[in-house]
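Listed below, chain by chain, are the residues.
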2 protein chains.
Amino acid sequence: MAQIETADYETISAIDTMQGLKRTHACNDLNQDHTGQEVILCGWVSRRRDHGGLIFIDLRDRSGIVQVVFSSDVNKDAFVKAEMVRNEYVLAVRGTVKVRSEGTINPNMDTGTIEVYGSELKILNMAKTSPFYIQDNIEVDEILRLKYRYLDLRRPEMQKDLMLRHRVAKSMRDFLDQHRFLEVETPILTKSSPEGARDYLVPSRVNPGKFYALPQSPQIYKQLLMVAGMERYFQIARCFRDEDLRADRQPEFTQLDIEMSFIDREDIISLMEQMVAHIFKEGIGAEVPASFVRLSYDEAMARYGSDKPDLRFGMELVDLSGIFKDSGFKVFDTVLANGGQVKAINVKGYANAPRRELDGLVDYVATYGAKGLAWICYTDEGLKSPITKFFSEDTISKMTALTQAETGDLLLFVADKPKVVAAALGQLRLEMGRRLNLIDPDKLTFLWVIDFPMFEYDEEDKRWVAMHHPFTSPRDEDVQYLGNDPGKIKAKAYDLVLNGIELGGGSIRIYNRSIQEKVFTAIGLTPEEAIDKFGYLLEAFEYGTPPHGGIAFGLDRLVMLMAKRASIRDVIAFPKTQSASDMMMQAPSEVGPRQLKELFIKSDVVTKK
Amino acid sequence: MAQIETADYETISAIDTMQGLKRTHACNDLNQDHTGQEVILCGWVSRRRDHGGLIFIDLRDRSGIVQVVFSSDVNKDAFVKAEMVRNEYVLAVRGTVKVRSEGTINPNMDTGTIEVYGSELKILNMAKTSPFYIQDNIEVDEILRLKYRYLDLRRPEMQKDLMLRHRVAKSMRDFLDQHRFLEVETPILTKSSPEGARDYLVPSRVNPGKFYALPQSPQIYKQLLMVAGMERYFQIARCFRDEDLRADRQPEFTQLDIEMSFIDREDIISLMEQMVAHIFKEGIGAEVPASFVRLSYDEAMARYGSDKPDLRFGMELVDLSGIFKDSGFKVFDTVLANGGQVKAINVKGYANAPRRELDGLVDYVATYGAKGLAWICYTDEGLKSPITKFFSEDTISKMTALTQAETGDLLLFVADKPKVVAAALGQLRLEMGRRLNLIDPDKLTFLWVIDFPMFEYDEEDKRWVAMHHPFTSPRDEDVQYLGNDPGKIKAKAYDLVLNGIELGGGSIRIYNRSIQEKVFTAIGLTPEEAIDKFGYLLEAFEYGTPPHGGIAFGLDRLVMLMAKRASIRDVIAFPKTQSASDMMMQAPSEVGPRQLKELFIKSDVVTKK
């Protein structure tokens, strides 16, 4: 349908007030039960058609759409006004519900069996032509959508996503309230702590030269609330990270933040399973299993090459290092001799993969650092591969057994350092799963990953860093390695993974000053630095801190998964672009020199080249 | 009771784990119904006494306190450990509930009819001596309380306040969810808008030289959500104002923010009355009337000298300007001739006020700008006053009638410009109400103040400013004065007042570009400035904006009133001091030069004297 020319917006006299019309129903409320009833509706013109002396208006509100019919026989004034109406005009309508005649029933509309005959029409506001159609599944540049976010959000699918988000947050709060958790608000203006991501800073006017930082998470506050004896805390909290943005990152994001005292890992895992089941039921009506699969970090890395594997399909990584030891194939031998691995995935039934696709996969794994990719096709005419000639029959039969390869299957191999093998083959597994349509988009496969390493070695900074964060407790039996072998320590940490995406993560915390100090030392803080940055926490640990632990869930990502969206921007009302800008308000923006002066800062931009 | 010496905190070997003990009850759960039952409790040592070979420990958790008894007859190991225990140690206890013998029942404790005989004791953590007692009604410097906030929050009254806050927020969300409102999160990193209070700024790293501002309220976002067709929005939202702090102000505060489409003032007032009733019922079990008194702004100022009068008592301001016109008393005559007023309050039964107190009241009103205060005592021996001699009998009898003065009463007069009379006599009314104990602290008196002026004249800036904010709609009949007589315009604004404190305020909004532009012009914005600051809003109004309005409530203040606290700091988990500092974390703090460089700013402090 053609869009209508811009209305003469200045004709204010044409705009009515609500006076005398009080909405009785939402559009989507109406059905045959209302037949004969007089109703008053408010909403936007989604579509307007003239047909056989009648004017049909699809009136849209948050609930849905209903068809309103104007006839000069019913009310002349209303009909004349209806002629003036254009798309996205704001209307209030009084009318009577009638059942549609057989042939005019619209099975694609919730309200398709009825229509409303309008007896009074008020034009509450006019509308210029929208820069894009207010309907689902539009193909519009996202920048334009973000600039006119107030129109983008008028589209039914966007409204549904925000309703879902509301429902999810509500169900979290209901569940946690029922389980005696208290929601406590923690500060947004807090202290900069260079451990972790980059902070957003806020210059202080009252304390010249000093800065607040926006919190990357309420981690320390929630631990202090445990010291304070709150026992069960939660918060749906805004968090901030000044990082370069990827598709699923925003400068500010929301997390469900939880902490409990007097519990161990099993307590929190089991409670969170109940909560997740409740949220998915309330949010999207999905049934979730009573308890989730668990994998240790080591096992997840070994079998899927990822600490957040997608378990909706198999195609596990098979370690063939033992078999190929001294196989005579130089590439494999060299890798294995240098502490590397040879692993493969079995892409079932894909032996007939086009040669061009196989060549493309070499480039694919290269982006994850793999220097090469080998393949073996189990065809009707035997094995086809550039590498089988190097292997003995015994090696081949062992390989076939371990990979459970059958005629028709394709084996893909990566030989490299363990980290590279995991990354490349783990990603290749996902890619082949997508290409062969093995991933059921309607399946929800949850997984706990546990027993994470406490530290990982940062090659660039040449130091150990905490894999989760430095407040995570080492396993009791590993505390002894804190001073001497940090790489050996496993942490009391756990991540919840859904369909290959990390939904949340948490840990049992350190609650003892001496252990916390040792962890700070392990990550390279001097005692002075530890005191400077976290002295209040170390001190707090000495005043009767209970054992405690918690978890945090990314709300944006959770809702995105539930809504089956590809970007968290679709489930955030006013997201920012990849350059961290608000396209609608034009933020960030320049500010006046007086504002900067009051804050005791100067812009450093002019002095830059 | 004496506090115990600091424990040797390094004796980690003395600390037990939770292993094998899983909490079965909260301390306060227990009563005679549990007699004979084995329970496992966790908590803090509130008090410990040795008595007759027994050790009594008051074990405290979030729920309350229960007495645990250790006897070497019951369990030798537990008894030995109990001897090591000091105040604020963290314990897990297994024991059996027993009814206390007649003489040992403690009627001041919820659990005072029972005690728990401990058969197993684990010391989960030790504690150094607290810098103050962990109990209610302590007299401790607030700075010390804020530094050790995690201990301050361990005090039962503080925990109760945070629980109340949780319950209030929960009841708001439940009510609004039930009424089809959606909670939508709006950005914290937003655009600076110099209209209003001072912004907190956040330098952008990705956009050199540009700044985000933290929102003073989600006002514009919520209006854009109405343009977006969300119809009913709310958010419990964090807001920020970089103002010099008073007792009831914080740099960041929380408000319940509400906006609705297709409604008028009556709709929102009536819904909010229902909501307030629900909140007070759920929060503190209070019954609130079904609808609240309303006063126009003009009437509130005339009768109480305040736009947020405390209606828990009378003592209204009586206008005697008409009576004293040309009375012959020069002070009154001059004031009246210059457009001033003479008003009085009748302090019933206080004719015998000491002369010294009356003199002190002159100083009191002087702080509100009044140049003087006159008084008349209606004593048994007739009127006593320095000013009655100037008045005719007729004037005196008219005055007596209008003020309803009787023998024993005290009249207090202020003659000045209307603004000064209102401020001075309004405050004097409150002060006399407090001194004479006329204000019932248990009474909840709600009031709507309506029909506010749209603008007030800023003498300093020599321009009109919006009394609420520039998005407030003028009354339809007053729109005509926008260009020529802004002082005459009343706004569709409403404030909710409880016991003389503003709980919330809101308005029906402008939703028409042309009217919005005229309001911007009235407050002195050029068309270019209006476009620069609010262009996106003006543009949005042209795309089909529904009539809408809303309200916002200060959550901190609301909970403070419900908890009968004097400061909002008592109902905020981690508040800041008057110098906007976090005493516990030492925020704001200095940051490294690399952090500033990345943000393209320099500190301007060194160059200041």
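Parameters at a glance
- Residues numbered from 1 in each chain as written.
- Chains lettered and ligands numbered in written order.
- Predicted model: local features only at pLDDT ≥ 70, side-chain atom pairs only at ≥ 80, totals over all residues.
- Heavy atoms only, no water.
- UniProt positions renumbered as here; feature names shortened; annotations may be inferred.
- Contact = heavy atoms within 4.5 Å.
- Buried area = accessible area lost by both parts, 1.4 Å probe.
- Salt bridge = Lys/Arg side-chain N within 4 Å of Asp/Glu carboxyl O.
- Polar contact = N/O pair within 3.5 Å; in protein donor to acceptor, adjacent residues only side chain to side chain.
- Helix = DSSP H or I, 4+ residues; strand = E, 2+ residues; numbered from the N terminus.
- Nonpolar A, V, L, I, M, F, W, Y, C, P; charged D, E, K, R; others polar.
- Domains from an automatic or database assignment.
- Pairing = 2+ DSSP bridges.
- Phe/Tyr/Trp six-rings, centres within 6.5 Å; stacked < 30°, edge-to-face > 60°.
- Buried < 20%, exposed > 50% of the residue type's maximum accessible area, 1.4 Å probe, protein only.
- Lys NZ or Arg CZ within 6 Å of the ring centre and 35° of its normal.
- Least-squares fit on C-alpha atoms with pLDDT ≥ 70 in both.
- Axes fitted to C-alpha atoms, helices over the stretch in contact; angles between N-to-C directions.
- Parallel < 35°, antiparallel > 145°, perpendicular 65-115°, else oblique.
- Left-handed = near helix turned anticlockwise from the far one by under 90°.

- As recorded in an unreviewed UniProt entry, chain A goes by Aspartate--tRNA(Asp/Asn) ligase and comes from Sporomusa malonica.
- According to its UniProt record, chain A has this under Subunit (unreviewed entry): "Homodimer."
- As stated in UniProt under Sequence similarities (unreviewed entry), the record for chain A gives "Belongs to the class-II aminoacyl-tRNA synthetase family. Type 1 subfamily."

## Description of the interface of chain B and chain A
Here is step 1: On the chain A side, the residues contacting the 138 residues of chain B number 138 residues.
Here is step 2: Contact between chain B and chain A buries roughly 12400 Å² in total, counting both sides, with carbon and sulfur atoms accounting for 58%.
Here is step 3: When the buried area of chain B at its contact with chain A is split by residue, R62, Y543 and M585 of chain B rank highest and sum to 7% of it.
Here is step 4: For the pair chain B and chain A, the interface holds 22 salt bridges.
Here is step 5: With a closest N to O distance of 3.1 Å, R198 of chain B and E598 of chain A form a salt bridge.
Here is step 6: Where chain B touches chain A, the interface holds 81 residue pairs in polar contact (both at pLDDT 80 or more).
Here is step 7: Among the elements that take part in the side of chain B that touches chain A, helix 4 (residues 156–178) of chain B stands out by supplying nine residues, more than any other.
Here is step 8: Here the residues of the side of chain B that touches chain A are counted per class, giving 68 nonpolar, 27 polar and 43 charged.

## Digging into the domain arrangement of chain A
Here is step 1: For chain A, the assigned domains read domain 1 (32–125) and domain 2 (313–439).
Here is step 2: Distance between the C-alpha centres of domain 1 of chain A and domain 2 of chain A: 63 Å.

## Some details on the sheet that holds strand 13 (residues 341–347) of chain B
Pairing between sheet strands relies on hydrogen bonds along the backbone, with the strands arranged either parallel or antiparallel.
All names here are of chain B.
Here is step 1: The strand order across the open sheet built from five strands is 12-13-16-14-15, with neighbouring strands paired in antiparallel fashion. The open sheet is flanked by strand 12 (318–319) and strand 15 (382–384), the only strands paired with a single partner.
Here is step 2: Pairing of strand 14 (residues 374–379) with strand 16 (residues 410–416) involves four bridges; the strand directions are antiparallel. Within strand 16, the position partnered with W375 by the bridge is L412.

## Here's the deal with the packing of aromatic side chains
Here is step 1: Summed over the entire model, instances satisfying the criterion amount to 48 aromatic pairs over all chains.
Here is step 2: Geometrically, the ring pair formed by F329 of chain B and F332 of chain B is edge-to-face, given 4.7 Å between the ring centres and 65 degrees between the ring planes. For the pair F329 of chain B and F332 of chain B, a shared accessibility class is recorded, and that class is buried.
Here is step 3: The ring centre of Y117 of chain A lies 4.6 Å from the NZ or CZ of K98 of chain A, which sits over that ring.

## Let's talk about the UniProt feature "site: Important for tRNA non-discrimination" (unreviewed entry) in chain A
Residues and elements named next belong to chain A.
Here is step 1: Mapped onto the present numbering, the UniProt feature "site: Important for tRNA non-discrimination" (unreviewed entry) falls on H51 and G103.
Here is step 2: Of note, H51 is situated in strand 1 (residues 38–51).
Here is step 3: Owing to a relative accessible area of 57%, H51 belongs among the exposed residues under this scheme.
Here is step 4: Positionally, G103 belongs in the loop between strand 4 (90–99) and strand 5 (114–125).

## Thoughts on the pairing of strand 22 (residues 548–554) of chain B
Residue and element names in this part refer to chain B.
Here is step 1: By the criterion of burial, strand 22 is predominantly enclosed, with six of the seven residues buried.
Here is step 2: Here seven bridges tie strand 10 (residues 252–261) to strand 22, and the two strands are oriented antiparallel to one another. Looking at the pairing, M260 lines up with G549 of strand 22.
Here is step 3: Relative to strand 22, strand 21 (residues 501–508) runs antiparallel, the two sharing five bridges. By the bridge assignment, G506 is partnered in strand 22 with I551.

## Focus: the relation of the copies chain B and chain A
Here is step 1: Least-squares fitting of chain B to chain A yields an RMSD of 0.1 Å, with the transformation described by 0.0 Å of translation along the axis and a rotation of 180 degrees. Between the two chains, the operation in question is that of a two-fold axis.
Here is step 2: Here 100% of the contact residues of chain B are again contact residues in chain A; the copies associate through an equivalent surface.

## Notes on the packing of helix 10 (residues 355–366) of chain A against helix 12 (residues 418–435) of chain A
Residue and element names in this part refer to chain A.
Here is step 1: Running from N to C, helix 10 and helix 12 cross one another at 140 degrees; their axes reach a closest spacing of 10 Å. With respect to helix 12, the axis of helix 10 lies oblique. Read as a crossing pair, helix 10 and helix 12 show a hand that is right-handed. Where helix 10 approaches helix 12, its residues E357, L361, Y364 and V365 are matched on the opposing element by A424, Q427, L428, E431, M432, R434 and R435.
Here is step 2: Tallied by class, the residues present in the contact of helix 10 with helix 12 amount to six nonpolar, one polar and four charged.

## Examining helix 13 (residues 513–522) of chain A
Residue and element names in this part refer to chain A.
Here is step 1: For helix 13, the tally of buried residues reaches seven of 10 residues, placing the bulk of the element in the interior.
Here is step 2: Considered for burial, the residues of helix 13 that qualify are R513, S514, I515, Q516, V519, F520 and A522.
Here is step 3: In the core, the buried residues of helix 13 are packed alongside strand 18 (455–458), strand 19 (463–466) and helix 14 (527–540).
Here is step 4: The backbone nitrogen of S514 has a side-chain oxygen 2.9 Å away, supplied by the residue at the start of helix 13, namely N512.
Here is step 5: Just downstream of helix 13, G524 is the residue with a positive phi angle, here 95 degrees.

## Examining the sheet that holds strand 17 (residues 446–450) of chain A
Residue and element names in this part refer to chain A.
Here is step 1: Spatially, eight strands are ordered 6-9-10-22-21-20-17-11 in an open sheet, and the strand pairing comes out mixed. Two strands bound the open sheet, and with one partner strand each, they are strand 6 (182–183) and strand 11 (293–296).
Here is step 2: In this sheet, strand 21 (residues 501–508) lies alongside strand 20 (residues 493–498) in antiparallel orientation, the contact comprising six bridges. Paired with Y494 across the strands is G506, a residue of strand 21.
Here is step 3: Sheet contacts for helix 5 (residues 219–227): strand 9 (232–240), strand 10 (252–261) and strand 22 (548–554); angle to strand 10, the most-contacted strand, approximately 20 degrees.

## Description of unusual backbone geometry
The bulk of non-glycine residues show a negative phi, and the bulk of peptide bonds are trans.
Here is step 1: The omega angle of the peptide bond from A587 of chain A to P588 of chain A is 0 degrees, so this bond is cis rather than trans.
Here is step 2: Take P588 of chain A: it is sitting in the loop between helix 15 (555–562) and helix 16 (593–598).
Here is step 3: Non-glycine residue K564 of chain A carries a positive phi angle of around 55 degrees.
Here is step 4: You can see K564 of chain A is positioned in the loop between helix 15 and helix 16.
Here is step 5: A residue is classified by how much of its surface remains accessible, and K564 of chain A, at 54% relative accessible area, is exposed.
Here is step 6: Within the chain, R180 of chain B stands out as a residue other than glycine whose phi angle is a positive 65 degrees.
Here is step 7: You can see R180 of chain B is positioned in the loop between helix 4 and strand 6 (182–183).

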